[in-house]
Amino acid sequence: TCAFAGQKKVLAAYEEAVKCGYSGARAGRLHTPHGVFDTPMFMPVGTQATVKAVSPRELKEMGAQIILSNTYHLYLRPGTELVAEAGGLHRFMDWDGGILTDSGGFQVFSLGPLRKITEEGAAFRSHIDGSTQFLSPEIAIKAQMNLGADIIMAFDECIPYPAEYQYAKLSTERTTRWAERSQKAHTRSGQALFAIVQGGMYQDLRRVSANDLVSLDFPGYGIGGLSVGEPKPVMYEMLEQTVPLLPENKPRYLMGVGTPDCLVEAVRYGIDMFDCVFPTRVARNGTAMTKSGRLVVKNAAYAKDFLPIDENCGCYACQNFSRAYIRHLLKADEIFGLRLTTIHNLYFLLDFTKKMRQAILEDRFLSFREEFLAQYCK
Ligand SMILES: CN(C)CCSCc1cc(N)cc2c(=O)[nH]c(N)nc12
Ligand SMILES: [Zn+2]
């Protein structure tokens, strides 16, 4: 069932997916040099080689399997050669689970004041010191080989939303040429390179992008250019056009997504992997995620609420502390407050994907989805 048998340079093998009654949802297992991991999975984001406010030990405790880091940030600071000298990203940050690095394309367009995109690559100014920088498929792949993640991403352009059809078409064609250059530059065995499907919000461009990248034969596929401000129904429509064209026995990673309602819909379409800064970012301004929606712990309403954030939650915060205590810490700008809300939000999403996997294995995913969406207010 490992359809990757015989694939060179690939370790992200994908065991036979267990399909539930509905067409898309599936439960799989992802093989990497740092372990075999269950999907669907949520991947905590550790942009600068740390998942903000939590330790690797806490991440392991809450069930994190694969975490993300960003090539763009580590390339600018401290430099990917330095990380390589330190023994690679796993050693540097003391994380022995899986690591996936994004290729930098997205961050160049979303962070650095963009200078210029050409066929060769993207010139930009560093958001740290304003220095002129340049990323190309070859540079981004070299940087990711230095970092040593288990899964790395091809260098792509995340097309802004909205975008004119003609721009989306030219950019998507270039991203496919960049994917081929990424493949040629990728010489590190024991590391899986995923391509990234683009195509803007145009059905035909999404299909062309998926078909072209599938014919280049990657061990896994990111779906990019979504969760960039488009309405959710448009995102789902792009998934409906794209996912069925991707090989069933290869992992699909929906980049930058997302909230629990988006996760359950994307799993329905056959997505396996997710990452999103949302849980850690909203935690830092005192918002906790629950199955009924968001709970702003900082609100005065919780000043004397001695219940946990969620009494059915198994996380360290909910097992030991009250809303009143966490609100007190947040109001007092105590770092421990941010740590507790972050721990809860990460645990919530990791547990949510585990519950989806269980529902798929027990062939009750559709009722799980119905019940969840009925209770969750966006
Ligand atoms: C760690 N995260 C903050 C970054 C990982 S996910 C970033 C990310 C998010 C979104 N929405 C789209 C794209 C995209 O189209 N391409 C790339 N390379 N990355 C993307
Ligand atoms: Zn909790």
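Residues numbered from 1 in each chain as written. Chains lettered and ligands numbered in written order. Predicted model: local features only at pLDDT ≥ 70, side-chain atom pairs only at ≥ 80, totals over all residues. Heavy atoms only, no water.

(A) Geometry of the pattern of salt bridges. Evaluation of the coordinates by the stated rule reveals 21 salt bridges. A salt bridge links Arg268 to Glu265, with the nearest nitrogen and oxygen atoms 3.2 Å apart. Remark: Glu265 and Arg268 occur in helix H10 (residues 260-269); sequence separation between them is 3 residues, near one turn of the helix. The closest approach of N and O atoms between Asp310 and Lys291, which form a salt bridge, is 3.8 Å. You can see Asp310 sitting in the loop between strand E17 (293-296) and helix H12 (316-320) and its partner Lys291 sitting in the loop between strand E16 (287-290) and E17, a full 19 residues away along the chain. Members of the salt-bridge network, linked through shared partners, are Glu265, Arg268, Arg369 and Glu370. (Salt bridge = Lys/Arg side-chain N within 4 Å of Asp/Glu carboxyl O. Helix = DSSP H or I, 4+ residues; strand = E, 2+ residues; numbered from the N terminus.)

(B) Main features of the side chain of Arg252. Inspection of the secondary structure assignment puts Arg252 in strand E14 (residues 252-254). Notably, Arg252 is buried but unbridged: the nearest opposite-charge side chain belongs to Asp272, and the N-O separation is 4.6 Å. Side-chain polar atoms of Arg252 contact the backbone oxygen of Leu246, separated by 3.2 Å. A polar side-chain atom of Arg252 sits 2.8 Å from the main-chain carbonyl oxygen of Gly270. Every residue in contact with Arg252, bar those within four places of it in the chain, is listed here: Arg26, Tyr221, Val243, Leu246, Pro247, Tyr269, Gly270, Ile271, Asp272 and Met273. (Buried < 20%, exposed > 50% of the residue type's maximum accessible area, 1.4 Å probe, protein only. Lys, Arg positive; Asp, Glu negative; His and termini not counted. Polar contact = N/O pair within 3.5 Å; in protein donor to acceptor, adjacent residues only side chain to side chain. Contact = heavy atoms within 4.5 Å.)

(C) How the structure looks around the coordination of the zinc ion (ligand 2). At the metal site, the zinc ion (ligand 2) is ligated by Cys313 (SG), Cys315 (SG), Cys318 (SG) and His344 (ND1), and these contacts range over 2.1 to 2.3 Å. Taken together, the 4 donor atoms coordinating the zinc ion (ligand 2) and their angles of 100 to 119° define a geometry best described as tetrahedral. Read from N- to C-terminus, the donor residues coordinating the zinc ion (ligand 2) fall into the pattern C-x1-C-x2-C-x25-H. As far as the burial class goes, Cys313 and Cys318 line up, both buried. (Donors = N, O, S within 2.8 Å, 3.2 Å for Na, K, Ca; no water. Tetrahedral: all angles 85-135°; square planar, octahedral: opposite > 155°, others 65-115°.)

(D) Region of the structure containing the site of ligand 1. Surrounding ligand 1, one finds 20 residues, the nearest of these being Asp102, Asp156, Gln198, Gly225 and Leu226. Here Asp102 contributes a side-chain N or O atom positioned 2.8 Å from a nitrogen atom of ligand 1. Within the side chain of Asp275, one N or O atom sits 3.3 Å away from a nitrogen atom of ligand 1. With the chains in place, 95% of the 480 Å² that ligand 1 exposes on its own is no longer accessible. The cavity where ligand 1 resides is the largest pocket. Mapped onto the shell around ligand 1, the elements with two or more residues apiece are strand E6 (66-70) and helix H5 (105-110). Looking at side-chain class alone, the shell around ligand 1 contains 9 nonpolar, 8 polar and 3 charged residues. (Near = heavy atom within 4 Å. Areas by Shrake-Rupley, 256 points an atom, 1.4 Å probe, with all protein chains shown as cover. 1 Å grid on protein atoms, 1.4 Å probe; cavity = no way out; pocket = protein on both sides within 12 Å on 5 of 7 lines; lining within 4 Å. Sits in = over half its atoms within 2 Å of the grid points. Nonpolar A, V, L, I, M, F, W, Y, C, P; charged D, E, K, R; others polar.)

(E) Representation of the layout of surface pockets. Estimated volume of the largest pocket: approximately 850 Å³. The wall of the largest pocket is formed by 40 residues, among which Phe106, Gly256, Asp275, Cys276 and Val277 lie closest to the centre. At the level of elements, E6, H5, helix H9 (232-242) and helix H11 (278-283) are the ones that each hand at least two residues to the lining of the largest pocket. Residue composition of the lining of the largest pocket, by class: 15 nonpolar, 17 polar and 8 charged. Of the pockets and cavities examined, the second largest pocket occupies roughly 310 Å³. What lines the second largest pocket is a set of 14 residues, and nearest its centre among them are Lys291, Phe348, Asp351, Phe352 and Lys355. Ranked by residues supplied to the lining of the second largest pocket, first place goes to helix H14 (residues 335-361) with 5 residues. Tallied by class, residues from the lining of the second largest pocket come to 6 nonpolar, 3 polar and 5 charged. (Points joined across faces, edges and corners; volume = space filled by probe spheres on them.)

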